[in-house]
Amino acid sequence: MMKDDDDKKKDDQSGSDDTNQNVKGPKFKTHDDYYDTLNDFVNDYRSIENFEGSQEQKIIKKAKFHSRMTTIISVLAILLLLNPALTIVTYMYYSGKANQMLDTISKVAYVTEPNTKIEGQGISSKIGIFSMDAYFYTLKRVGKEDFRTAEYNIHFLGNHVSSVDRRNLLDKPVPEAFVSSESTGFLHPDASMTFDDFREREVLNGLASDTVAEVYISFDKDYTPEEINNYFPNLDVVWVAVETGESGENAEGIYTSPLGYPFMKDSDPWSPFIGSKSNEETFISILKSLSKNEKLATQVSRAKALSISKGLTYIEKNGIKIYGAVVTGPVNEIRKIEDKPMIRTIKVEDSKLWNWHS
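All figures in this text were calculated on a predicted structure; none of them were measured in a lab. (Residues numbered from 1 in each chain as written. Predicted model: local features only at pLDDT ≥ 70, side-chain atom pairs only at ≥ 80, totals over all residues. Heavy atoms only, no water.)

**Q** Sorry if this is basic, but what is going on with the packing of aromatic side chains here?
**A** Aromatic rings considered in pairs are described by the distance between their centres and by the relative angle of their planes. Tallied over the full model, the rule gives 10 aromatic pairs. Residues Y261 and F263 carry aromatic rings whose centres are separated by 6.5 Å and whose planes lie at 35 degrees to one another, so their mutual orientation is tilted. This pair shows no difference in class: Y261 is buried, exactly as F263 is. Taken together, the aromatic side chains of F219, Y223, Y231 and F232 make up a single cluster linked through ring pairs. Positioned above the aromatic ring of W356 is the side chain of K144, whose terminal nitrogen or guanidinium carbon lies 4.5 Å from the ring centre. The ring of Y137 carries the charged tip of R148 above its face, separated from the ring centre by 3.6 Å. (Phe/Tyr/Trp six-rings, centres within 6.5 Å; stacked < 30°, edge-to-face > 60°. Buried < 20%, exposed > 50% of the residue type's maximum accessible area, 1.4 Å probe, protein only. Lys NZ or Arg CZ within 6 Å of the ring centre and 35° of its normal.)

**Q** I keep staring at helix α5 (residues 197–206) and nothing clicks. Help me out?
**A** Looking only at α5, the buried set comprises D197, E200, R201 and L204. Axial view of α5: buried residues confined to an arc of 100 degrees, hence all on one face. Of the exposed residues in α5, the ones pointing more than 90 degrees away from its buried face are F198 and G206. The elements touched by buried residues of α5 are α10 (331–337) and β12 (343–353). (Helix = DSSP H or I, 4+ residues; strand = E, 2+ residues; numbered from the N terminus. Arc of directions from axis to C-beta. Contact = heavy atoms within 4.5 Å.)

**Q** Looking at this structure, I do not really get the sheet that holds β12. What am I missing?
**A** Picture the strands of a sheet paired through backbone hydrogen bonds; they go either parallel or antiparallel. Taken together, the five strands give an open sheet; going across it, the order is β10-β7-β11-β6-β12, and neighbouring strands pair in antiparallel fashion. The sheet terminates laterally at β10 (259–262) and β12, the two strands that pair on one side only. Averaged over all neighbouring strand pairs, the angle between strand axes comes to 20 degrees, with direction disregarded. Two elements, strand β7 (residues 236–242) and strand β11 (residues 322–330), share six bridges in a ladder whose sense is antiparallel. Counted as the bridge partner of A241 is G324 from β11. Contacts from helix α7 (residues 279–291) reach β7 and β10 within the one sheet, and its direction differs from that of β10 by about 135 degrees. (Pairing = 2+ DSSP bridges. Axes fitted to C-alpha atoms, helices over the stretch in contact; angles between N-to-C directions.)

**Q** Just checking my understanding: could you explain the pattern of salt bridges for this structure?
**A** For side chains of opposite charge, pairing can occur when their charged atoms come near one another. Scanning all chains against the criterion turns up 17 salt bridges. Between D236 and K144 there is a salt bridge; the shortest N-O distance is 2.9 Å. Separated by 92 residues along the polypeptide, D236 in strand β7 and K144 in the loop between β3 (131–142) and β4 (145–157) bring together distant segments of the chain. On the accessibility criterion, K144 (24% relative accessible area) is partly exposed. We note a salt bridge from R167 to E151, for which the minimum N-O separation is 2.5 Å. Placement of R167 in strand β5 (residues 160–168) and of E151 in strand β4 is noted, with a sequence separation of 16 residues between them. Owing to a relative accessible area of 48%, R167 belongs among the partly exposed residues under this scheme. Here the salt bridges share partners, and the residues they tie into one network are K117, R141, D146 and D268. (Salt bridge = Lys/Arg side-chain N within 4 Å of Asp/Glu carboxyl O.)

**Q** Is there a simple way to explain empty space enclosed by the protein in this structure?
**A** Empty pockets left among the atoms are what a rolling probe the size of a water molecule brings to light. Counted under the stated rule, the structure contains one cavity of 30 Å³ or more. Counted as a void, the largest cavity has a volume near 80 Å³. Contributing to the lining of the largest cavity are I105, V108, A109, T112, E113, T116, F136, T138, Y152, I154, V300 and S301. In terms of residue count, the dominant contributor to the lining of the largest cavity is helix α3 (residues 98–112) (four residues). Classifying every residue of the lining of the largest cavity by side-chain character gives seven nonpolar, four polar and one charged. (1 Å grid on protein atoms, 1.4 Å probe; cavity = no way out; pocket = protein on both sides within 12 Å on 5 of 7 lines; lining within 4 Å. Points joined across faces, edges and corners; volume = space filled by probe spheres on them. Nonpolar A, V, L, I, M, F, W, Y, C, P; charged D, E, K, R; others polar.)

**Q** Can you walk me through the side chain of T104 in this structure?
**A** With respect to the element layout, T104 can be found in helix α3. Overall, T104 belongs to the buried group, its relative accessible area being 11%. With sequence-adjacent residues up to four places away left out, T104 is seen in contact with L290, L296 and A297.

So, to be careful, I would describe these as geometric facts and stop short of saying anything about function.
Below is the structure:
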């Protein structure tokens, strides 16, 4: 029995020795050495954690930046690839329309703007992506000389007018839109007197005799082109307002602007009246053309309403009758006609130094 107990103790001691031999680790001489080592380990761990946190933020920021740059570069690359294709498509779109649109602008200027023509080589254009800009200057005749009146930039988006920028180049302000007889300068024979005729005649009589003037004349009734041609032998009749049966406000309460045409022969190669055997016939032809796109014609003019189709129907039925004219010439010659019975009222629009010649 004693022997068994001794054997058991030896076995337990042997097992304990084996366990101690399997455990490996640092040996510390004192407790202070142990705590110092532990503190060093904790500090190292903390420093590693802080380093990894700051690096993580930097990595995220870099990743976001690279992601944005990749997106931007991709979009730019796509646009660079699409731009030539879109440009070609735009040119194809405007190839059949641009000339028609520019032609409409030109014709509108000549038949809706009294004493107005387009300067230089006509209208220039610039095509963008699904857009087009039309640029041109307008002139008017005072005496025997042409003067710039306005600079235009008409912007098209597709086939729609998105904006019309008109910069006045005259010394005096001009109406931005034709909204009344006063703004157009003409008074229809059937309209009530709204002009200060006495004041306008005072202005005319106050002009120096050695100057030329531009005067808007409203007649007491309608006259034929032949009659108008005979009434002003020493003056130039540069534009006439034609009876269309649509004077004054239309059914929507919007003022209908006058329609008319250059009365004299036009030698400008870019004018729609160049080479006309009859300006009256060319005027009617222009109205037929504009009636097919009256919306565009109204948008590019200073008028709020033109009533081209109705006016054309009236003219074809009744012929061309004239109720107003723009005349220019020496002030002394204009004074001679101001008291004629046919002249209901006048409006002095402009005057310049003497430039008159035969």
